[in-house]
Amino acid sequence: MSKTEKLAQHLEKLQINGMYKNDFYWTWDKTDDELDAIFTVADALRDLRERNISTKVFDSGLGISIFRDNSTRTRFSFASACNLLGLEVSDLDEKKSQIAHGETVRETANMVSFMADVIGIRDDMFIEEGHKYQKTFMDALDEGYEKGILEQRPTLVNLQCDVDHPTQSMADLLHVIHELGGVENLKGKKVAMTWAYSPSYGKPLSVPQGIIGLFTRFGMDVTLAHPEGYEILPEVEEIAARNAQASGGSFRKVNSMEEAFKDADIVYPKSWAPFKAMEKRTRLYREGDKAGIDELEKELLAQNAQHKDWTCSEEMMKLTKDGKALYMHCLPADITGLSCEAGEVDNSVFDRYIVPLYKEASFKPYVIAAMIFLSKVKDPVAALRELEKRGEKRKEF
């Protein structure tokens, strides 16, 4: 029996009817079975790809990508995922659109969505703006479909907003599942999601929020660590606490990186901006106060500089379980002695984990493809089996 057939048999047992023609905003909106399905389909698509079997379930159609912030991994992961399934990709470059001439979100949404199957949106820069933009965009597509403007309603994949980064956190967790030898081995593992020093300003909160919002679903003992003043969204902390209680894991907050790293199985040191500061930046942005934004940036860089000891050093790694915790990062990392004078992680630590870090990133295209697959394919079990039965080899020259 092939790996894909085993995965199809597992998928058959899951209750996932609600995923068809549905959007993906954040992980805590999905059931346990739905998260399981994404991991399962991602692994099946990867297995087929590794055996050079075509996974095209579309013979035409578009994936529209909208990146309102810079991106390398997520941008190319979305393009790879669409291509894997047979969709072409068109990127909305707002600088080349009519948005600058007053085109509304409602109008943009409908104009770019003709014959589109999926919309991937990244909008993570401003608190209370990213998710709002995604929701406004998709509400406009509901109206366009209902009134006959669009022949079908594309589904959304959240490629990062101000609240969650679901494709990142799910790729991260799928990496952990593979590293630990199965989802059954996650329970009781200690995870340190910690702030780390960066010489740059304004990194989004959605990565740490995504990690604590997802990893607590699987019975893991998750610690969120940051200096005082670097709090994240309190609503997400509440979600993490509820998840931990339901799964038999734990969630706690500390203001010591050393405490979080002690005996940790997994460490995820990552810089982010203080929630309150990001609220202020959003207000200044709305007011068009560029001078105020510049002044806030100076204040936050000075605040960061007071915590240069929050770094993933060799000494810090020695505190972890057997000194061999799995080091994780969404990339790119601020690497001390390589990309900056002082940053999130020592060059020696980063270099030692470079292969697993790149493997971690490699799961993202398959996670995104699985999200698209499950939202657009009515019978995903039959579709996986048909792909394998057909066994159409990708052309090799």
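To start, this report covers the structure provided alongside it. (Residues numbered from 1 in each chain as written. Predicted model: local features only at pLDDT ≥ 70, side-chain atom pairs only at ≥ 80, totals over all residues. Heavy atoms only, no water.)

Some words on the packing of helix H2 (residues 32–50) against helix H15 (residues 364–376)
For any two helices packed against each other, one specifies the crossing angle of their axes together with the interaxial distance. With their axes 8 Å apart at the nearest point, H2 and H15 run at an angle of 110° to one another. Classified by the angle between their axes, H2 and H15 sit roughly perpendicular to one another. The interaxial crossing formed by H2 with H15 has right-handed handedness. Between H2 and H15, the contacting residues are Ala37, Ile38, Val41, Ala42, Leu45, Arg46 and Arg49 on the first element and Tyr366, Val367, Ala369, Ala370, Met371, Phe373 and Leu374 on the second. Counted by class, the contact of H2 with H15 contains 12 nonpolar, no polar and 2 charged residues. (Axes fitted to C-alpha atoms, helices over the stretch in contact; angles between N-to-C directions. Helix = DSSP H or I, 4+ residues; strand = E, 2+ residues; numbered from the N terminus. Parallel < 35°, antiparallel > 145°, perpendicular 65-115°, else oblique. Left-handed = near helix turned anticlockwise from the far one by under 90°. Contact = heavy atoms within 4.5 Å. Nonpolar A, V, L, I, M, F, W, Y, C, P; charged D, E, K, R; others polar.)

Re the packing of helix H6 (residues 166–180) against helix H14 (residues 354–362)
One can describe the packing of H6 onto H14 by two numbers: an axis separation of 8 Å at closest approach and a directional angle of 125°. Overall, the two elements H6 and H14 adopt an arrangement that is oblique. Crossing handedness for the pair H6 and H14: right-handed. Contacts from Gln168, Ala171, Asp172 and His175 in H6 reach Pro356, Lys359 and Glu360 in H14. Taken together, the residues of the contact of H6 with H14 break down into 2 nonpolar, 2 polar and 3 charged.

Thoughts on the nonpolar core
What tends to happen in soluble globular proteins is that the nonpolar side chains get buried as a cluster. Ranked by size, the top nonpolar core spans 128 residues in total, and within it Phe137, Tyr327 and Ile372 carry the most contacts. Once you skip the residues sitting within four places of it in the chain, phenylalanine 137 turns out to touch Ile66, Val105, Thr108, Ala109, Val112, Ser113, Ile119 and Ile121. (Core = buried A, V, L, I, M, F, W, Y, C linked by side-chain atoms within 4.5 Å. Buried < 20%, exposed > 50% of the residue type's maximum accessible area, 1.4 Å probe, protein only.)

Any functional reading would require information beyond the geometric quantities listed.
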